[in-house]
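# Overview (structure and organization)
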2 protein chains.
Amino acid sequence: MEAITVLDADQCWNLLSESVMGRLALSADGEPEIFPINAYAHNGKILFRTGEGTKLSELAVNSRVAFETDGFTSKIGWSVVAKGHARILTGTKEIQEADQLPLKPWVPTLKMNYVEIDVTEISGRRFAFGPEPDRYPV
Amino acid sequence: MEAITVLDADQCWNLLSESVMGRLALSADGEPEIFPINAYAHNGKILFRTGEGTKLSELAVNSRVAFETDGFTSKIGWSVVAKGHARILTGTKEIQEADQLPLKPWVPTLKMNYVEIDVTEISGRRFAFGPEPDRYPV
């Protein structure tokens, strides 16, 4: 097994669609931010919910985001990164549709805003764990 | 139990120091990037290794980074975010010292560069999972 395997887009979407948690990276005035989020991926889009706060105000300034989710066992690990633009849902119909999706917040606080990432780029890798090779092979 | 508990700096460092994996967020020309990394946190710093590639070249342009690590059980979750500046180790002595630390790459590929994040800001939260409250309380 190769140490690192590049995953194709279908493999990446399969992994994304099975994930419930990931991390959202934003860039605000050159400063990276990262937040854990519950997310729901389907049809080329990733949906999440958020309350008022840093995430929402930063997204209004710079909508470019990267979302990462990963998993591992003792033998292998994988990571998928999806990039795109985030948009706060504002239409009544799209919010009602989002309400029907299996996207539940884990924490019992109100998160009134739906944010949808329109994914333009997706990449993923699978890692096989093992010992480091010799740095200075003879 | 409160739904969200803010962790103090000591609690955050304890969680960081017990973690072996996290995600590094960078900002390159306003575009957020996110990478999974193996890391070792101690003494106000976070150390990781990387090969040549996107991470390294982006760090050379913008050294501001955010590192996130998290964990969860069926009942609670937690997340710690550390922000600071990343620096590629270049001195022979500091590289030798880093070589002694328990920072092993999981994947058997050569990652020759040590990068150290000098943490200037740390924050963390613990989440208690539960059902969503009524959106429209009577």
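Residues numbered from 1 in each chain as written. Chains lettered and ligands numbered in written order. Predicted model: local features only at pLDDT ≥ 70, side-chain atom pairs only at ≥ 80, totals over all residues. Heavy atoms only, no water.

- Going by the annotation in an unreviewed UniProt entry, the name recorded for chain A is Pyridoxamine 5'-phosphate oxidase putative domain-containing protein, with Gordonia hirsuta DSM 44140 = NBRC 16056 given as the source organism.

## Looking at the overall build of chain A
- In terms of helices and strands, chain A carries three helices and seven strands.
- Of the regular secondary structure in chain A, the N- to C-terminal order runs β-α-β-β-β-α-β-β-α-β.
- When each of the 138 residues of chain A is scored for burial, the buried share is 47%.
- Across chain A, contacts joining residues at least 24 apart in sequence account for 70% of those joining residues at least 6 apart. (Helix = DSSP H or I, 4+ residues; strand = E, 2+ residues; numbered from the N terminus. Buried < 20%, exposed > 50% of the residue type's maximum accessible area, 1.4 Å probe, protein only. Contact = heavy atoms within 4.5 Å.)

## Notes on the environment of S79 of chain A
Residues and elements named next belong to chain A.
- Along the chain, the position of S79 falls in strand β6 (residues 76-88).
- Accessibility expressed as a relative area gives 5% for S79, which makes it buried.
- Sequence separation between S79 and L7 is 72 residues; the distance between their C-alpha atoms is 9.4 Å.
- At 2.9 Å, the side chain of S79 forms a polar contact with the side chain of E68. (Polar contact = N/O pair within 3.5 Å; in protein donor to acceptor, adjacent residues only side chain to side chain.)

## A short note on helix α1 (residues 9-18) of chain A
All names here are of chain A.
- Listed as buried for α1 are C12, L15 and L16. End-on view of α1: buried residues confined to an arc of 100°, all on one side of the axis. Facing away from the buried side of α1, by more than 90 degrees, are the exposed residues D10 and E18.
- In this structure, the buried side of α1 is in contact with β1 (4-7), β3 (31-42), β4 (45-50), β5 (64-72), β6 and β7 (113-128). (Arc of directions from axis to C-beta.)

## Quick word on the pairing of strand β7 (residues 113-128) of chain B
Residues and elements named next belong to chain B.
- Where strand β1 (residues 4-7) and β7 come together, four bridges link them in antiparallel fashion. Residue pairing in the sheet places T5 in a bridge with R126 of β7.
- Relative to β7, strand β4 (residues 45-50) runs antiparallel, the two being bridged by six bridges. Each bridged residue has a counterpart across the sheet, and for R49 the counterpart in β7 is Y114.
- Sheet topology places strand β6 (residues 76-88) next to β7; 13 bridges connect them, and they run antiparallel. Bridge pairing in β7 places K83 opposite E121. (Pairing = 2+ DSSP bridges.)

## A few points about the pattern of salt bridges
- Summed over the entire model, instances satisfying the criterion amount to 22 salt bridges over all chains.
- The partner of E31 of chain A in a salt bridge is R64 of chain B, with the nearest N and O atoms 2.7 Å apart. Taken together, the positions of E31 of chain A in strand β3 and R64 of chain B in strand β5 (residues 64-72) put the pair across two chains.
- One salt bridge in this structure joins E31 of chain A and K83 of chain B, with 3.5 Å as the shortest N-O distance. (Salt bridge = Lys/Arg side-chain N within 4 Å of Asp/Glu carboxyl O.)

## Comments concerning the environment of A86 of chain A
Residues and elements named next belong to chain A.
- In this structure, A86 sits in strand β6.
- Classification of A86 as buried rests on a relative accessible area of 11%.
- C-alpha separation for the pair A86 and N62, spaced 24 residues apart in sequence, amounts to 8.7 Å.
- With near-sequence residues (within four places) excluded, A86 lies in contact with L59, S63, V65, V115, E116 and I117.

## Brief notes about unusual backbone geometry
- Phi at N43 of chain A takes a positive value of approximately 55°, unusual for a residue other than glycine.
- Inspection of the secondary structure assignment puts N43 of chain A in the loop between β3 and β4.

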